[in-house]
Amino acid sequence: MTNMNHLEQPNIANLPELRQIGKPLRRIDAMGKVTGATQYAADYVMPNMLHAKVLRAQHASAKIVRIDVSKARALPGVVCVLTAEDLPGDRVATDIPGVTGTSKRAGTDAPILAHDRVRFMGEALAVVAAEELALAEQALDLIEVVYEPYPAVYTPEEAMQPGAPIVTEPDNIVARWRILKGDADAAMRDADLIVEGTYKTQFIDHAYLEPEAGIAWVDEHDVLTIRVSTQVVEHFRSIAAALQLPQNKVHIMGTLVGGGFGGKEDITVELFIGLAALKTRRPVKLVYTREESILAHCKRHPFTITHKTGVTRSGRILASQVNLVADSGAYVYLSPYVLLYAASSAVGPYKINHVTINAYAVATNNTFTSAFRGFGAAQACVAYEQHMDEIARALNMSPREIRRLNYVQAGDTTPNGQAFRGAVWLEECANRAWDALGEPTPPPTPHVKIGRGLASYMQSYGRITWFHDTSQAWVGLEMDGSIVIRCGVPDIGGGQVNTLAQISAEVLGVPMERITVYSTDSALTPLAGTTTATRQMYMSGNATYQAAMAVRKTLAERASQHFECEPAEIDFADSTVFNKNDATQKMPLTQLIALCAAEGLPRANLSLFKAPFTEKLDPDNAQGDIWPDYTFGAQAVEVAVDMETGEVRVLKSAACHDVGRALNPAAVVGQIEGGAAQGLGYALLEDVQIVNGVTLTPSFAEYLLPTACDVPEVKTIILESGTGLGPFGAKGVGEPALTPMAPAIANAVTNAIGARVTQLPLTPERVLEAIERQHGSA
């Protein structure tokens, strides 16, 4: 892994030096985590607490004839057993979590507990709460379920056929998007060469360290309170609607999250423990086992993406036609938006004047799919970057040259018409990443081939702009000069809370150790929206910046009166207020706070930050802005491929991203390293194998993850254009860090063996098949 000594951070844009922003300061949550003092959701216990378990379907598609819970209810120590018949409402909203100003899509609600039909293996049927966990597990075994077989479909291709069994009403095609630019058919006829290819990605699991967990109770004010590991505290609204409670009677207390990656964006345990707590009037705790987590929570969407590209002999891309088909699994959840991200990213960061994109998300009887780091754009990158290498190979050009000829520039537009308004340093990122690989590694034996691959990308940060996204933050100065920040941001391990502290520290000149942040509480902290879509630095960061600047303005105006100078001459550092132009004019920050307090001047501010607001796009031709902005970068890797076994090892990895401004370089490096490691797993190992609706990889014994031995040192190069929309010109990098790694590895393997493996993961079996095909055609 990279340490800070290996970090290159060229300040290309000559950004001004700041005191605390841009410094690798220790995170305010670091000590608790490294000493084990930090409590996660599963660590909490309460007096008189019950333990919950969920009964899950053993079939992927079946009618429920009868559920008999009488024996389970009769078991001593079992306090309640709930089925769909016992619920106040039977469905929960799954569409666009956290959004208040946009109506949900029709047909996107999902059952809380299945009552007439199961649509995927692992669907919830009943909830048991008992005095001991073992008793709850025993009670599950006593519940009798009688099923009747029901026709099923397990691939999108099957599900799209006329007469196919319907998984979700009214149609298995749960979402579709079309993007048109120019005349792709006519431009294809003018091309010197047509290059076609189909690329496939797989189901993968989030595989976070911390499985889903929570504890619920009804407090003294008759409020259902849920302490839970979540990326979205605003779920209190959906939970209230599902349980038919007023929204002010549901209180979400988020914990620090032991990994999310999108898997805790949807509701997980909240409704199960909420129902049991309301029924029993006792605290109820539920922690998923690893097997339950893999079986029953959402997965990354598998995609089949077909490219047809018309090019000139000189390497210019004239036209692109792309078809995308995604497996949404048994329920809709966020598939329409994942599909939009994929479709709008389908041709990558390349200038193409004639484009036709058709995209479909299709329901099947597989585990449902939803948010996952990269959110559709990662799958699109797997396809378009492999296809760029295939174009280069067809033209006998270098992969770097074909990209250089076609990269978008600032001011160009996407196929949906959104302009790139900031810096677009694609070529710089690609060159830096490639050069960082250094000299090629000599093959250790004759049967090992060395290959190198490159992938560039563009990825949005911030939510879809027609969601009308907002975030709030409160910043206040106490009388002793310490700072309190209140913001509902869930921290999922990326340092979201620390970012708010570092922004406030810079603006108000207070050391980080003098700042306390209260976060992730739907009732007691200003709502800040979801920790998804690489949005929190942009949204809550800007809200915090605005609030801190408002406090600074009040203080600076009062200090300027004291020093008899202009407010613009006042600065703050090291808990001291001073005149920048006269070193003799200074006072402790506490003295200025006391002056403001004595005069009734505000020393706190609540700020609301609004992203750009746009209108919804037409699914038949999605034209217009979709996101606030984009991040750009590149990944380069070197691999060794054993031609006898098909084993692939990544030897070198170099990542270069323009992050606008690195608010905390250590945190940025952590995101880039983690993204590269996760992308390596995506490329080579991870695969939730679902065959005829049955999950064949139910634990980490079967579901393969990269270990420290698999992940090489990541050379991280941070570029800072200063053109981001976040505070101090920052851009989001949490999701973008993952996106280019898998296609870079795929391109490196092709470079080594001379043949393309078009389906992830690149298992030894698939690599050997490609080698054999290559030798057979030679």
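Residues numbered from 1 in each chain as written. Predicted model: local features only at pLDDT ≥ 70, side-chain atom pairs only at ≥ 80, totals over all residues. Heavy atoms only, no water.

1. Some remarks on helix H11 (residues 399-406)
Then, in step 1: Residues of H11 that are buried include every one of Ile402, Arg403, Leu405 and Asn406, and no others. Buried residues along H11 cover an arc of 160° about the axis, so they all sit on one side.
Then, in step 2: Where H11 is buried, its residues touch strand S16 (317-329), helix H10 (377-395), strand S18 (448-461) and helix H17 (741-753). (Buried < 20%, exposed > 50% of the residue type's maximum accessible area, 1.4 Å probe, protein only. Helix = DSSP H or I, 4+ residues; strand = E, 2+ residues; numbered from the N terminus. Arc of directions from axis to C-beta. Contact = heavy atoms within 4.5 Å.)

2. Details of the pairing of strand S11 (residues 213-218)
Then, in step 1: Among the 6 residues that make up S11, 6 are buried, leaving the element largely enclosed by the rest of the structure.
Then, in step 2: A two-sided burial pattern is seen for S11, the buried positions comprising Ala213, Ile215 and Trp217 on one face and Gly214, Ala216 and Val218 on the other.
Then, in step 3: Pairing geometry for S11 and strand S14 (residues 284-287), over 4 bridges, is antiparallel. Within S14, the position partnered with Ala213 by the bridge is Val287. (Pairing = 2+ DSSP bridges.)

3. Some points on the pattern of salt bridges
Then, in step 1: The tally for this structure, following the rule as stated, stands at 28 salt bridges.
Then, in step 2: Linking Lys553 and Glu557 is a salt bridge whose minimum nitrogen-to-oxygen distance equals 2.7 Å. Of this pair, Lys553 and Glu557 both sit in helix H14 (residues 536-563), 4 residues apart, roughly one helical turn.
Then, in step 3: Within the structure, one salt-bridge network assembled from shared partners comprises Arg19, Arg552 and Asp571. (Salt bridge = Lys/Arg side-chain N within 4 Å of Asp/Glu carboxyl O.)

4. So, the confidence of the model for the protein chain
Then, in step 1: Overall, the predicted model of the protein chain reaches an average pLDDT of 96, with 97% of residues at or above 70.
Then, in step 2: No element of the protein chain has a lower mean pLDDT than helix H18 (residues 764-777), at 92, and none a higher one than strand S15 (residues 303-311), at 99.
Then, in step 3: Scored below 50 in pLDDT, residues 1-6 makes 19 contacts in the model with residues more than four places away or belonging to other chains. (pLDDT = per-residue confidence, 0-100.)

5. Remarks on the packing of H10 against H11
Then, in step 1: Contact geometry of H10 with H11 gives a least axis separation of 8 Å together with a crossing angle of 110°. Viewed along their axes, H10 and H11 adopt a mutual orientation that is roughly perpendicular. Of H11, the residues touching H10 (which contributes Glu385, Met388, Asp389, Ile391, Ala392 and Leu395) are Pro399, Ile402 and Arg403. (Axes fitted to C-alpha atoms, helices over the stretch in contact; angles between N-to-C directions. Parallel < 35°, antiparallel > 145°, perpendicular 65-115°, else oblique.)

6. Points about the domain arrangement of the protein chain
Then, in step 1: Parsing the protein chain into structural domains produces domain 1 (41-150 + 211-257 + 264-296), domain 2 (299-464 + 617-775) and domain 3 (470-610).
Then, in step 2: Residue-level contacts link 18 residues of domain 1 with 15 residues of domain 3.
Then, in step 3: Counting each side, the surface lost to burial between domain 1 and domain 3 is near 1,200 Å², with a carbon and sulfur contribution of 58%.
Then, in step 4: The largest share of the area that domain 1 buries against domain 3 comes from Gln231, Val233 and Glu234, three residues that together contribute 38% of it.
Then, in step 5: Where domain 1 packs against domain 3, one counts 0 salt bridges.
Then, in step 6: There are 6 residue pairs in polar contact (both at pLDDT 80 or more) connecting domain 1 and domain 3.
Then, in step 7: The element best represented in the side of domain 1 that touches domain 3 is strand S13 (residues 250-254), accounting for 5 residues.
Then, in step 8: By residue class, the composition of the side of domain 1 that touches domain 3 is 9 nonpolar, 6 polar and 3 charged. (Domains from an automatic or database assignment. Buried area = accessible area lost by both parts, 1.4 Å probe. Polar contact = N/O pair within 3.5 Å; in protein donor to acceptor, adjacent residues only side chain to side chain. Nonpolar A, V, L, I, M, F, W, Y, C, P; charged D, E, K, R; others polar.)

7. Remarks on the state of the cysteines
Then, in step 1: Summed over all chains, the structure comprises 0 disulfides.
Then, in step 2: Cys429 takes part in no disulfide bond, and the closest cysteine sulfur to it belongs to Cys656, at a distance of 4.0 Å.
Then, in step 3: Free of any disulfide, Cys596 has its nearest cysteine sulfur in Cys565, 14 Å distant.
Then, in step 4: Judged by its relative accessible area of 0%, Cys596 falls in the buried class. (Disulfide = S-S within 2.5 Å.)

8. Here's the deal with unusual backbone geometry
Then, in step 1: The peptide bond linking Glu169 to Pro170 adopts the cis configuration, its omega dihedral lying at 0°.
Then, in step 2: Mapping Pro170 onto the fold places it in the loop between helix H4 (156-159) and strand S9 (173-181).
Then, in step 3: The linkage connecting Leu760 with the following residue, Pro761, adopts the cis geometry, with an omega of -5°.
Then, in step 4: The topology assignment puts Pro761 in the loop between H17 and H18.
Then, in step 5: With phi around 60°, Ser575 is a residue other than glycine that occupies positive phi space.
Then, in step 6: Of the residues examined, Ser575 reaches a relative accessible area of 24% and is grouped as partly exposed.
Then, in step 7: Located in the positive-phi region is Phe728, a residue other than glycine, with phi close to 60°.

9. Side note on the sheet that holds strand S26 (residues 629-642)
Then, in step 1: Reading across from one edge, S18-S26-S27-S30 is the order of the 4 strands in this open sheet, with mixed pairing throughout. Only two strands of the sheet have a single neighbouring strand rather than two, namely S18 and strand S30 (714-719). Geometrically, the sheet is characterised by an average inter-axis angle of 15° between neighbouring strands, direction not taken into account.
Then, in step 2: With 6 bridges joining them, strand S27 (residues 648-658) and S30 adopt parallel strand pairing. Looking across to S30, one finds that Asp658 is bridged to Leu719.

10. Some details on the side chain of Asp327
Then, in step 1: Mapped onto the elements of the fold, Asp327 is located in strand S16.
Then, in step 2: Among buried charged residues, Asp327 stands out as having no salt bridge; its nearest opposite-charge side chain is Lys200, 11 Å away.
Then, in step 3: A polar contact is formed between the side chain of Asp327 and the backbone nitrogen of Gly329, at a distance of 2.8 Å.
Then, in step 4: A polar contact of 2.9 Å, which involves the side chain of Asp327, links it to the side chain of Asn366. (Lys, Arg positive; Asp, Glu negative; His and termini not counted.)

11. Observations regarding the side chain of Thr38
Then, in step 1: Looking at the secondary structure, you find Thr38 in the loop between helix H1 (30-35) and strand S1 (50-56).
Then, in step 2: Reaching out from Thr38, the side chain makes a polar contact with the backbone nitrogen of Lys33 at a distance of 3.2 Å.
Then, in step 3: With sequence-adjacent residues up to four places away left out, Thr38 is seen in contact with Asp29, Gly32, Lys33, Asp43 and Leu256.

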